[in-house]
Amino acid sequence: MRSGEAREGYELWRPNREKASSVTTKAVMVLLLLITAALCLLVTIGGWSLLQGGAGMGVVCLVFVLLYLVFAFRVAVWSRGVLPVAAALSILVLIFSAVGADSWFQRDKSGFNTALLPDTLIGTILVLMIPLQIVVIAVAMIAFNQEWQVEEE
């Protein structure tokens with residue numbers, strides 16, 4: 001008998017998915033992942049011409065956006081397996097944001113090439129990404145501990 005299938009005459013019940021706290025945590029996690037994907041996409045599009053020549057780090061940023069969208073979809077269908085992976089990716093994004101934010105503010109002088117968005121706006125978005133990623137990590141760990149995978153017949 002495979003996981004997720006009930007024996008004939010029985011129904012499968014997932015009690016932890018019906019709790020209000022689990023439903024709320026799932027909704028918050030999906031929202032946080034979508035916000036992160038949107039902000040990463042905004043930084044990528046806004047600074048494409050300056051992200052290591054456009055094709056270097058820009059492609060990596062687009063991969064991060066796609067991963068966050070996939071994670072949001074998987075969490076929306078109650079897959080708790082992506083939660084630790086999303087937290088790990090958020091640690092990477094937090095580090096990149098913390099390291100890169102200052103350089104965007106330093107570009108706000110004459111003589112530098114400009115991006116599609118103002119450099120200070122991209123820097124501000126990166127500064128906002130730092131606490132956002134901390135919240136994503138915390139909510140992912142809370143959601144992981146809610147044991148969404150428990151099944152009863």
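Conventions we followed
- Residues numbered from 1 in each chain as written.
- Predicted model: local features only at pLDDT ≥ 70, side-chain atom pairs only at ≥ 80, totals over all residues.
- Heavy atoms only, no water.
- Helix = DSSP H or I, 4+ residues; strand = E, 2+ residues; numbered from the N terminus.
- Buried < 20%, exposed > 50% of the residue type's maximum accessible area, 1.4 Å probe, protein only.
- Contact = heavy atoms within 4.5 Å.
- 1 Å grid on protein atoms, 1.4 Å probe; cavity = no way out; pocket = protein on both sides within 12 Å on 5 of 7 lines; lining within 4 Å.
- Points joined across faces, edges and corners; volume = space filled by probe spheres on them.
- Nonpolar A, V, L, I, M, F, W, Y, C, P; charged D, E, K, R; others polar.
- Patch = residues over 30% accessible without salt bridge, like charges linked within 9 Å, V, L, I, M, F, W, Y side chains within 5 Å.
- Areas by Shrake-Rupley, 256 points an atom, 1.4 Å probe, with all protein chains shown as cover.
- Salt bridge = Lys/Arg side-chain N within 4 Å of Asp/Glu carboxyl O.

**Things to note about the overall build of the chain**
Then, in step 1: Regarding its fold elements, the chain presents four helices and zero strands.
Then, in step 2: Walking the chain from its N terminus toward its C terminus, one meets helices and strands in the order α-α-α-α.
Then, in step 3: Within the chain, the proportion of its 153 residues that are buried is 37%.
Then, in step 4: Of the contacts formed within the chain by residues at least 6 apart in sequence, a portion of 73% connects residues at least 24 apart.

**Some points on unusual backbone geometry**
Then, in step 1: Of note, the phi angle at tryptophan 78 is positive, near 65 degrees, even though the residue is not glycine.
Then, in step 2: As for its position among the elements, tryptophan 78 is in the loop between helix H2 (57-76) and helix H3 (82-106).
Then, in step 3: Judged by its relative accessible area of 17%, tryptophan 78 falls in the buried class.

**Here's the deal with the layout of surface pockets**
Then, in step 1: Size it by volume and the largest pocket reaches roughly 440 Å³.
Then, in step 2: Contributing to the lining of the largest pocket are 17 residues, with Leu51, Met57, Phe96, Trp104 and Leu126 lying nearest its centre.
Then, in step 3: Breaking the lining of the largest pocket down by element, the ones donating at least two residues are helix H1 (20-46), H2, H3 and helix H4 (119-144).
Then, in step 4: Here the lining of the largest pocket gets six residues from one element, more than from any other, and that element is H3.
Then, in step 5: When grouped by side-chain class, the residues that make up the lining of the largest pocket number twelve nonpolar, four polar and one charged.

**Comments concerning the environment of valine 135**
Then, in step 1: Along the chain, valine 135 falls in helix H4.
Then, in step 2: C-alpha of valine 135 to C-alpha of leucine 32: the two residues are 103 residues apart in sequence and 8.2 Å apart in space.

**Notes on a nonpolar patch on the surface**
Then, in step 1: On the surface, a nonpolar cluster with roughly 660 Å² of combined accessible area is contributed by Leu41, Ile45, Trp48, Val59, Leu62, Val63, Leu67 and Leu116.
Then, in step 2: Going through the elements one at a time, H1 and H2 are the ones with two or more residues in the nonpolar patch.
Then, in step 3: Among the elements that make up the nonpolar patch, the one with the highest residue count is H2 (four residues).
Then, in step 4: As for its placement among the helices and strands, leucine 41 is situated in helix H1.
Then, in step 5: When its relative accessible area of 32% is taken as the criterion, leucine 41 is described as partly exposed.

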